[in-house]
Amino acid sequence: MEAISRFVAIRRDLHQIPELGFQEVKTQHYLLRYIQSLPQERLQVRTWKTGIFVKVNGTSPRKTIGYRADMDGLPIREETGLPYRSTHDGCMHACGHDVHMSIALGVLTHFAHHPIQDDLLFIFQPAEEGPGGAKPMIESDIMQEWKPDMILALHIAPEYPVGTIATKEGLLFANTSELFIDLKGKGGHAAFPHLANDMVVAACALVTQLQSIVARNVDPLDSAVITIGKITGGTVQNVIAERARLEGTIRTLSAAAMQKVKRRIEAIVHGVEVAYECEAAIDYGAMYHQVYNDPELTAEFMKFAAAHGGVNVISCKEAMTGEDFGYMLADIPGFMFWLGVESPYGLHHAKLAPNEEAIDRAIAFLIDYFSWKGNSEV
Ligand SMILES: [Zn+2]
Ligand SMILES: [Zn+2]
């Protein structure tokens, strides 16, 4: 058998037991059991739903540095064929949160043995993919009591080689919202359209009209995406559909553009209701706040990383991906960065297989960063 490090082994263990948002019971149990195996003198451990807070008391703390790792998997059937593939059929760590957790445990292990001056707060957060754990977690009593002065998190990036750290000052990830629109008309015999209200026709018209929002209502120097990824409607080929449902997502660079896009969607949907004599309901589902990196802390971090041997720092562009870590950054200054794990398959792909060499390298780098930041004056 190939020799693998302790934290790669942990990542493989976690990879086999992916669980959906707020169902991370086995994952939480696994993490707690591991954390209990560490020296406890400086640790304070508290659970929150399926998440965990671990405070590492510093030697003479002036501030608290927070570090967040998300915990949930996705409803995807794994197709990697790896020996340590998911044992939960139909569920997979296809967004690398298994890697995020193992890196956090690696860093935590070091500081449980070798504390620094400042306090550290490790946050194992459930439900990043949905319905969103960051917002309720930051509003929790524990977080309010142990609120860090700064916070950071990473996300694996399959498109970058191992050793790469990519981030930018300011906006990193977009504002995102899910979008569900239900249309209800009147079904009927396919040969008597005048006696029915056809929701397939209404849905098609609606999809076409929604395209005009990005083209005609959003400032071209701002940016927005509306994608309808799924349409369902009707029951059989020769019956006029009584119902149709559109499922999609909205992404915008600014919070203002998100508000504007939603107002336009509501107006257009109302227009379809009138024009096609039907009832419509809009549900925005989960919404994620933008990820906005504190410019000063990010610039300082990038400078630190650039001076660190074996790390290639890239100043990347903002992306239309969503991340609920944005809610934590809305409250606490900090930043998020991409960690290269070079895989030919992207995030949320059934064949995603991150290069595990990135794990130990990230642990070593973060230990150095926290040691520096947690012993420095500011
Ligand atoms: Zn994801
Ligand atoms: Zn993710």
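In what follows, the structure referred to is the one given above.
Engineer: Even after reading the chapter, I still don't get the overall build of the protein chain, so can you show me in this structure?
Structural biologist: Check the secondary structure of the protein chain and you find 10 helices and 17 strands. Taken over C-alpha atoms, the radius of gyration comes to 23 Å for the protein chain, in line with the 21 Å a tight globule of 378 residues would show. By principal-axis analysis of the C-alpha atoms, the protein chain measures approximately 80 × 45 × 40 Å. A burial count over the protein chain gives 53% of its 378 residues as buried. For the protein chain, the accessible area works out to roughly 16300 Å², and carbon and sulfur atoms hold 53% of it. With 33 positive and 46 negative side-chain charges, the protein chain shows a separation of 1 Å between the mean positions of the two kinds.

Engineer: Before we go on, may I ask you to explain the coordination of the zinc ion (ligand 2) in this structure?
Structural biologist: A four-donor tetrahedral metal ideally has 109.5 degree angles, and a six-donor octahedral metal ideally has angles of 90 or 180 degrees. Taken together, the protein ligands of the zinc ion (ligand 2) are C95 (SG), H97 (NE2) and H155 (NE2), with distances of 2.1 to 2.4 Å. Read in sequence order, the donor residues coordinating the zinc ion (ligand 2) give the pattern C-x1-H-x57-H. Here the zinc ion (ligand 2) and the zinc ion (ligand 1) are spaced 3.2 Å apart, and both take C95 as a donor. In this pair, C95 is assigned in the loop between β3 (64–70) and α3 (97–113) and H155 in strand β5 (residues 150–157), connecting sequence segments 60 residues apart. Assigned by exposure class, C95 and H155 land together as buried.

Engineer: Can you help me understand the pattern of salt bridges in this one?
Structural biologist: Tallied over the full model, the rule gives 19 salt bridges. Ionic pairing is found between K168 and E318, a salt bridge with its closest N-O pair at 3.8 Å. One end of the pair, K168, is in the loop between β6 (164–167) and β7 (170–173); the other, E318, is in the loop between β16 (312–315) and α9 (325–331), and 150 residues separate them in sequence. Each of R11, R12, D98 and E356 takes part in salt bridges that share partners, so that together they form one network.

Engineer: I'm lost on the environment of K373 in this one. Help?
Structural biologist: Inspection of the secondary structure puts K373 in helix α10 (residues 357–373). What makes K373 buried here is its relative accessible area of 3%. On a C-alpha basis, the gap between K373 and G340 in space is 23 Å, while along the polypeptide they are 33 residues apart.

Engineer: Which parts of the structure should I look at to understand the environment of A362?
Structural biologist: Note that A362 resides in helix α10. Looking at A362, the relative accessible area reads 3%, which means it is buried. When the C-alpha atoms of A362 and L183 are compared, they prove to be 48 Å apart, with 179 residues separating the residues in sequence. Among all residues touching A362, those that are not within four sequence positions of it are I103 and L339.

Engineer: Sorry, what's going on with the sheet that holds strand β2 (residues 51–56) here?
Structural biologist: The strands that make up a sheet are held in pairs by hydrogen bonds between backbone atoms, and each pair lies either parallel or antiparallel. Within the open sheet, the eight strands sit side by side as β1-β2-β4-β3-β5-β17-β6-β16. Their pairing is mixed. Each edge of the open sheet carries a strand with a single partner, namely β1 (43–48) and β16. Taken pair by pair, the neighbouring strands of this sheet meet at an average axis angle of 25°, ignoring direction. The pairing of β3 with β5 spans four bridges and is parallel. If you follow R68 over to β5, its bridge partner there is A153.

Engineer: Any chance you could explain the packing of helix α1 (residues 6–15) against helix α2 (residues 25–36) here in plain terms?
Structural biologist: The description of two packed helices rests on the angle between their axes and on the distance between the axes. For the pair α1 and α2, interaxial distance at closest approach is 11 Å and the crossing angle is 155°. Between α1 and α2, the interaxial angle falls into the category roughly antiparallel. Taken as a pair, α1 and α2 cross one another with a handedness that is right-handed. On α2, the residues touching R6, F7, I10, D13 and L14 of α1 are T27, Y30, L31 and Y34. Residue composition of the contact of α1 with α2, by class: six nonpolar, one polar and two charged.

Engineer: Teacher, can you tell me more about the coordination of the zinc ion (ligand 1) here?
Structural biologist: Protein coordination at the zinc ion (ligand 1): the donors are C95 (SG), E129 (OE), E129 (OE) and H348 (NE2), at 2.0 to 2.8 Å from the metal. Bound by four donor atoms, the zinc ion (ligand 1) shows angles of 52 to 146° at the metal and therefore irregular coordination geometry. Expressed as a motif, the donor residue spacing for the zinc ion (ligand 1) is C-x33-E-x218-H. In this structure E129 comes out as partly exposed when scored by relative accessible area, which is 21%. Here H348 falls in the partly exposed class, since its relative accessible area comes to 40%.

Reading guide: rules and limits
Residue indices follow the written sequence of each chain, beginning from 1 at its first position. Chains and ligands are labelled sequentially in the order written, the chains with letters from A and the ligands with numbers from 1. With the structure being a predicted model, the display of local features is reserved for residues of pLDDT at least 70 and the display and counting of side-chain atom pairs for 80 or more, all residues being used for whole-chain, interface and lining totals. To obtain the side-chain values, all non-hydrogen atoms of the structure were included, while hydrogens and water were left out. Numbering of helices and strands runs from the N terminus; a helix is a DSSP stretch of H or I covering at least four residues, while a strand is a stretch of E covering at least two. We take the radius of gyration over the C-alpha atoms and set the globule estimate at 2.2 Å times the residue count to the 0.38 power. Relative accessibility under 20% of the residue-type maximum defines a buried residue, over 50% an exposed one, and the middle range a partly exposed one, all with a 1.4 Å probe and only protein chains included. Every accessible area reported is derived by Shrake-Rupley at a probe size of 1.4 Å, with residue values counting cover from the shown protein chains alone. Counted charges follow a simple rule, with Lys and Arg positive, Asp and Glu negative, and His plus the chain ends left uncounted. Working definition for charges: the position is that of NZ of Lys, CZ of Arg, CG of Asp or CD of Glu. Only nitrogen, oxygen and sulfur atoms qualify as donors, and only when within 2.8 Å of the metal (3.2 Å in the case of Na, K and Ca); with water excluded, sites may look incomplete. Here a salt bridge means any side-chain nitrogen of Lys or Arg lying within 4 Å of a carboxyl oxygen belonging to Asp or Glu. Any two residues whose heavy atoms approach within 4.5 Å are treated as being in contact. A pair of strands is treated as paired once DSSP finds two or more bridges between them. Between the N-to-C directions of two axes lies an angle of 0 to 180 degrees, each axis being a line fitted to C-alpha atoms and, for a helix, fitted only over the stretch in contact. Orientation categories follow fixed angle ranges, with anything under 35 degrees roughly parallel, anything over 145 roughly antiparallel, 65 to 115 roughly perpendicular, and all other angles oblique. Should the near helix be turned anticlockwise from the far one by less than a right angle, the crossing is left-handed, and should it be turned clockwise, the crossing is right-handed. When residues are grouped by polarity, Ala, Val, Leu, Ile, Met, Phe, Trp, Tyr, Cys and Pro land in nonpolar, Asp, Glu, Lys and Arg in charged, and all others, Gly among them, in polar. Sites are called tetrahedral only when four donors show all angles between 85 and 135 degrees, square planar or octahedral only when four or six donors show opposite pairs over 155 degrees and all other angles between 65 and 115, and irregular in any remaining case.

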